[in-house]
Amino acid sequence: TSKDLDKVKAFLAQNDIPANASYYGTQKGKNVFVIHLESFQQFLIDYKVDGKEVTPNLNAFYHDQNTLSFDNFYNQVGQGKTSDAEMMQENSLYGLSTGSAMTKYGTANTFEATPAILGQQGYTTAAFHGDVSTFWNRNNTYKSFGYNYFFSKDYYPNSENPNYSVGYGLKDKIFLKDSAQYIEQLPQPFYAKLITVTNHYPYGLDKQNIDFPATNTGDSTVDGYVQTAHYLDQSFGELMDYLKKTGLYDNSTFVLYGDHYGISENHKPAIAKLLGKDSVNNYDLANFQKVPFMIHGTGLQGGINHTYGGEIDMMPTLMHLLGVSTDGMTLFGHDLLSPQNQQTVVFRNGDWVTPTYTKYRNEYFDTKSGQQVYMKDNPALQAMAKRIQSYADQSLSYSDKVITGDLLRFDKTRLNFAKVNKSSYDYNKKNA
Ligand code: GP9
Ligand code: MN
């Protein structure tokens, strides 16, 4: 009911923080590229194998003076994996504790998603992905999010040719190259989301595309990861080279993020080897959940930002850079550039990270030193854990209520927000 939404809004109002005035609106009106880096973890940035960088193009981008790069940024997905990352990135709503929110609620629910909001600001919005349109119920969910266009596998030349695909879909080099052809034709300003897929478990690549040494952890499901990550990096580099030639590079803002881990916690000995450690504990595993988050724009004041945050924070951060007010929006994340950011990262299972303490799998650690800390005889930890846990639990349960109760349909406070007309969109190639 609308009373339930009032409770959610009251909770969000208690935790509301102002934007950073020196960044607000600095990217206003620019084209936006969102590049979803499949299964890409932060540890890959500047990582070397046999003295060679795995991802030279992404590393250069990460260190560019016009890139804001976050190095304490965590994935917060649950079982919905990619779709949870998308839900957070587009809506600042968490995925659900089980299953995929996009699959269960994407078709019927009301959302106030980034494409719909930017559509109202005069943007053309399009999503691109080299898999079939139905995966994670994207074909329906993107209508609810307000995407004008969704270019899925059918739209790409030769997509039926098995040599053009590996794993879940088109090879990233082909996918990004052909997507650029569509993007160039979009009316500007546009918001274009590109979801890559080659760097996906089980990290397979045809011989001719392998251009990097595998690691030798002895774990065969892990050792190909740097090879597909390197391939993703090359695809990204080729896209950037192309966009520089067309001029789109200069009048666009780029948002890059890794959606979730590539190497699961079932591979602890291999993780230890990759990190150069004898073994890994829960603190190392919490750190291993870090993924990249980078925003690049010409003239943007870049640098490596150590603020603690996660995927839920991407949308308010981007909105403010674009000069779109988030007042009245139902967002569970916070602008990572706000000087008042509370830096509380909530994992989908209720664990959390702050700059002071990390809670992971019922153990507590000093976030700075990595030392395990114990509740007993530690009043500072007790007080903080109680406060943070309550915030984490409330955030997750209120976000769940928004989705399971379809609460945004009751949102009367955002009078200016035109409701998305789902039936006005047709993503079927046959009708395009
Ligand atoms: C498939 C892709 C993979 O379309 O996006 O999703 P994931 O398995 O990473 O959740
Ligand atoms: Mn994924």
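Conventions adopted
Residues numbered from 1 in each chain as written. Chains lettered and ligands numbered in written order. Predicted model: local features only at pLDDT ≥ 70, side-chain atom pairs only at ≥ 80, totals over all residues. Heavy atoms only, no water. Pairing = 2+ DSSP bridges. Helix = DSSP H or I, 4+ residues; strand = E, 2+ residues; numbered from the N terminus. Axes fitted to C-alpha atoms, helices over the stretch in contact; angles between N-to-C directions. Contact = heavy atoms within 4.5 Å. Near = heavy atom within 4 Å. Polar contact = N/O pair within 3.5 Å; in protein donor to acceptor, adjacent residues only side chain to side chain. Areas by Shrake-Rupley, 256 points an atom, 1.4 Å probe, with all protein chains shown as cover. Nonpolar A, V, L, I, M, F, W, Y, C, P; charged D, E, K, R; others polar. UniProt positions renumbered as here; feature names shortened; annotations may be inferred. Core = buried A, V, L, I, M, F, W, Y, C linked by side-chain atoms within 4.5 Å. Buried < 20%, exposed > 50% of the residue type's maximum accessible area, 1.4 Å probe, protein only.

(A) The sheet that holds strand 4 (residues 67-74), seen in detail. Strands sit in the order 6-5-9-1-10-11-4-12 across an open sheet of 8 strands; the sheet is mixed. Because the sheet does not close on itself, it has two edges, and the strands there are strand 6 (149-151) and strand 12 (303-310). Taken pair by pair, the neighbouring strands of this sheet meet at an average axis angle of 15 degrees, ignoring direction. As paired elements, strand 5 (residues 124-129) and strand 9 (residues 190-195) share 6 bridges and run parallel to each other. Bridge pairing in strand 9 places Thr125 opposite Tyr191. Packing of helix 7 (residues 172-183) onto the sheet brings it into contact with strand 1 (31-37), strand 5, strand 6 and strand 9, and relative to strand 9 it is tilted by some 165 degrees. Its contacts with the sheet put helix 9 (residues 225-246) on strand 1, strand 9 and strand 10 (252-258), and the angle it makes with strand 1 is roughly 165 degrees.

(B) Inspection of the site of ligand 1 at higher detail. Every residue close to ligand 1 is listed here: Glu38, Lys81, Thr82, His129, Asp131, Phe135, Trp136, Arg138, Tyr168, His200 and His260. Interatomic distance of 2.7 Å between a side-chain N/O atom of His129 and an oxygen atom of ligand 1. A distance of 2.8 Å is found between an oxygen atom of ligand 1 and a side-chain nitrogen or oxygen belonging to Arg138. Here ligand 1, which alone exposes 310 Å², has 96% of that area covered by the protein. Class assignment of the residues belonging to the shell around ligand 1 gives a composition of 3 nonpolar, 4 polar and 4 charged.

(C) Region of the structure containing the UniProt feature "domain: Sulfatase N-terminal" (unreviewed entry) in the chain. Annotation from UniProt places "domain: Sulfatase N-terminal" (unreviewed entry) at residues 30-324. Along residues 30-324 one finds 33% helix and 20% strand; the C-alpha atoms at either end are 12 Å apart.

(D) Here's a closer look at the nonpolar core. Judged by nonpolar contacts, the single largest core of 71 residues is most densely connected at Val32, Met87, Tyr142, Phe145, Tyr191, Phe293 and Phe332. Looking at this core element by element, the count peaks at 10 residues for helix 13 (residues 379-404). Core analysis: the second largest hydrophobic core is formed by 58 residues, Phe43, Tyr47, Ile183 and Leu194 among them.

(E) View of the pairing of strand 1. The element strand 1 is extensively covered by neighbouring structure, given that 7 of its 7 residues are classed as buried. Alternating residues of strand 1 divide into Asn31, Phe33, Ile35 and Leu37 and Val32, Val34 and His36, and every residue in both groups is buried. Sheet topology places strand 1 next to strand 10; 7 bridges connect them, and they run parallel. Its bridge partner lying in strand 10, Leu37 is registered against Gly258. The pairing of strand 1 with strand 9 spans 5 bridges and is parallel. In the strand pairing of strand 9, His36 is matched with Ile195.

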